[in-house]
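Coordinates in review
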Amino acid sequence: MTGADASAEVVTGGEAMGLLLASGDVNLSAARQFNAEIAGAESNLAVGLARLGHRVAYYGRVGDDVFGQRIRNELRGEGVDVSALAVDDERPTGLLFRDSVQGAPLTVLYRRSNSAASALSVSDIPEAAIVAARVLHVTGITAALSETAYAATVAAMVLARGAGVHVSFDPNLRLRLAPADRWRQIVDELARHSDTVLTGAEEAEVFCPGQDVISWLTERSVATVVLKHGVDGASEHDTASGDSCREPARQVPVVDPVGAGDAFDAGWLSAWLHGRPAQQRLREGCAVASVVVASRGDCVGLPDARLRDALLSPGPDVRR
């Protein structure tokens, strides 16, 4: 097993990728210039929580190449512990190419076959950091990469639950990675090892089609279900008491929708770590997500705690 700082509040890990984002309002097929960034559901969340003031450890595998080095440097620069982010000298770092054209569907192109992240295995899990953390956060993306990555994800969740660590899970379905039937199997298994599931209401139609997602997850012993409704905000449901609440989205111009779900998760988990009530958790999740969709890039717009608090406080948008 690999090592990481056992003082981390949150441990997460998975597939961090190099991102080449087409510059300007240009379709990928016509782009001549690109902005180099990093991407990945779990790495987005790690950066989001670190900027909000939390201690975060990230595990996984990247290639021994410039993209892998950039991922390590950028996460480390954000204050994320990357001592358990292994360097694979046989496999490359995965790449993601995309655009962000206003008023048109996004074009996304992956180069992740046989990537370093797909070789994630149980031996890569930072056991000491996980059992000492308050939260382990995982996504279905990593579990769908390969059989070894799936086994590692389940093992991390079992380890965390056994140590009394809160496990949060975002299915984060990607149908290019696996067909719907496989996603149903993945979510079915991972939900059974989760305390909280944060999922998009639309993706729930894929993993439990025709069923009430709250009831479906309750049957798998999930304690808290958070449904993300996009421009309609989010709702939280306590499966034991039946209590629920809903929060509208913060209205902003949508520049780039990618990363909104990860940003929401970071805001919600930050509020959970601070012991805030359900309605406030939703408010903070929606606030963090709102500034991400208003800027280009997966995690460029992630706010720090000061900006989040300013978004949540009453008053004018311009403060002189």
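Refer to the structure printed above.
A brief look at the structure comes next. Values in this document were obtained by computation on a predicted structure and should not be read as measured data. (Residues numbered from 1 in each chain as written. Predicted model: local features only at pLDDT ≥ 70, side-chain atom pairs only at ≥ 80, totals over all residues. Heavy atoms only, no water.)

If you tally the helices and strands in the chain, you get 11 helices and 13 strands. On C-alpha atoms alone, the chain measures out to a radius of gyration of 18 Å, which is about the 20 Å that the 2.2 N^0.38 rule sets for 320 residues. Projecting the C-alpha coordinates of the chain onto the three principal axes gives extents of approximately 50 × 50 × 40 Å. The burial tally for the chain puts 56% of its 320 residues in the buried class. Long-range pairs, those at least 24 residues apart, make up 73% of the contacts in the chain between residues at least 6 apart in sequence. Here the chain contributes 30 positively and 41 negatively charged side chains, and the mean placements of these two sets differ by 4 Å. (Helix = DSSP H or I, 4+ residues; strand = E, 2+ residues; numbered from the N terminus. Rg over C-alpha atoms; globule rule 2.2 N^0.38 Å. Buried < 20%, exposed > 50% of the residue type's maximum accessible area, 1.4 Å probe, protein only. Contact = heavy atoms within 4.5 Å. Lys, Arg positive; Asp, Glu negative; His and termini not counted. Charge placed at Lys NZ, Arg CZ, Asp CG, Glu CD.)

The full count for this structure, using the stated rule, is 20 salt bridges. Two residues, Asp88 and Arg61, come together in a salt bridge whose shortest N-O distance is 3.5 Å. Here Asp88 is found in strand 5 (residues 81-88), whereas its partner Arg61 is found in strand 4 (residues 56-63), with 27 residues between them in sequence. Look at Arg61 and you get buried, because its relative accessible area is 17%. Glu219 is the partner of Arg220 in a salt bridge, and the nearest nitrogen-oxygen pair spans 3.5 Å. Using a relative accessible area of 12% as the deciding quantity, one classes Arg220 as buried. If you follow the salt bridges from partner to partner, you end up with Arg61, Asp88, Arg91 and Asp124 in one network. (Salt bridge = Lys/Arg side-chain N within 4 Å of Asp/Glu carboxyl O.)

All right, on to the nonpolar core then. In this structure, Val11 and Leu136 are the most contacted members of the largest nonpolar core, which totals 48 residues. Counting residues per element, this core draws most heavily on helix 5 (residues 147-162), at 7 residues. Beyond its immediate stretch of four places on either side in the chain, Val11 contacts Ala57, Tyr59, Pro126, Ala129, Ile130, Ala133, Val135, Leu136 and His137. The next biggest cluster of nonpolar side chains, apart from the first, holds 35 residues, and it includes Cys245, Leu282, Cys286 and Val288. (Core = buried A, V, L, I, M, F, W, Y, C linked by side-chain atoms within 4.5 Å.)

Along the chain, Leu269 turns up in helix 9 (residues 260-273). Sequence spacing of Leu269 and Gly210 is 59 residues, and the spatial spacing of their C-alpha atoms is 29 Å. Setting aside chain neighbours within four positions, we find Leu269 in contact with Leu45, Leu49, Val135, His137 and Ser168.

Glancing now at helix 1 (residues 41-51). With 10 of 11 residues buried, helix 1 lies mostly within the body of the structure. Buried residues of helix 1: Ala41, Glu42, Ser43, Asn44, Leu45, Ala46, Val47, Gly48, Leu49 and Ala50, and no others.

On to the sheet that holds strand 11 (residues 224-228), then. What the 9 strands build is an open sheet, ordered 5-4-1-8-9-10-11-12-13; its pairing is mixed. At either end of the open sheet lies a strand with only one pairing partner, and these are strand 5 and strand 13 (244-247). Across this sheet, the average inter-strand angle for adjacent strands is 15°, counted without regard to direction. Here strand 9 (residues 166-170) runs beside strand 10 (residues 196-200); their pairing, made up of 2 bridges, is parallel. In the sheet register, Ser168 faces strand 10, and the bridge partner there is Thr196. (Pairing = 2+ DSSP bridges. Axes fitted to C-alpha atoms, helices over the stretch in contact; angles between N-to-C directions.)

Bringing the sheet that holds strand 2 (residues 17-22) into the picture now. If you walk across this open sheet you meet the 4 strands as 3-2-6-7, and the pairing is mixed. With partners counted over all chains shown, the strands left at the sheet margins are strand 3 (34-39) and strand 7 (108-111), one partner each. Here the strands of the sheet are splayed against their neighbours by 20° on average, with no regard to which way each runs. The strands touched by helix 2 (residues 66-77) within the sheet are strand 2, strand 3 and strand 6 (95-98), with strand 3 carrying the most contacts at an inclination of about 65°.

The next point concerns the packing of helix 1 against helix 9. One can describe the packing of helix 1 onto helix 9 by two numbers: an axis separation of 8 Å at closest approach and a directional angle of 45°. In this view, helix 1 runs oblique relative to helix 9, as classed from their interaxial angle. Where helix 1 crosses over helix 9, the handedness of that crossing is right-handed. The segment helix 1 lies against helix 9, with Ala41, Asn44, Leu45, Gly48 and Leu49 engaging Asp262, Asp265, Ala266, Leu269 and Ser270. Of the residues that constitute the contact of helix 1 with helix 9, the class distribution is 5 nonpolar, 3 polar and 2 charged. (Parallel < 35°, antiparallel > 145°, perpendicular 65-115°, else oblique. Left-handed = near helix turned anticlockwise from the far one by under 90°. Nonpolar A, V, L, I, M, F, W, Y, C, P; charged D, E, K, R; others polar.)

Nothing here speaks to function; it is all geometry.
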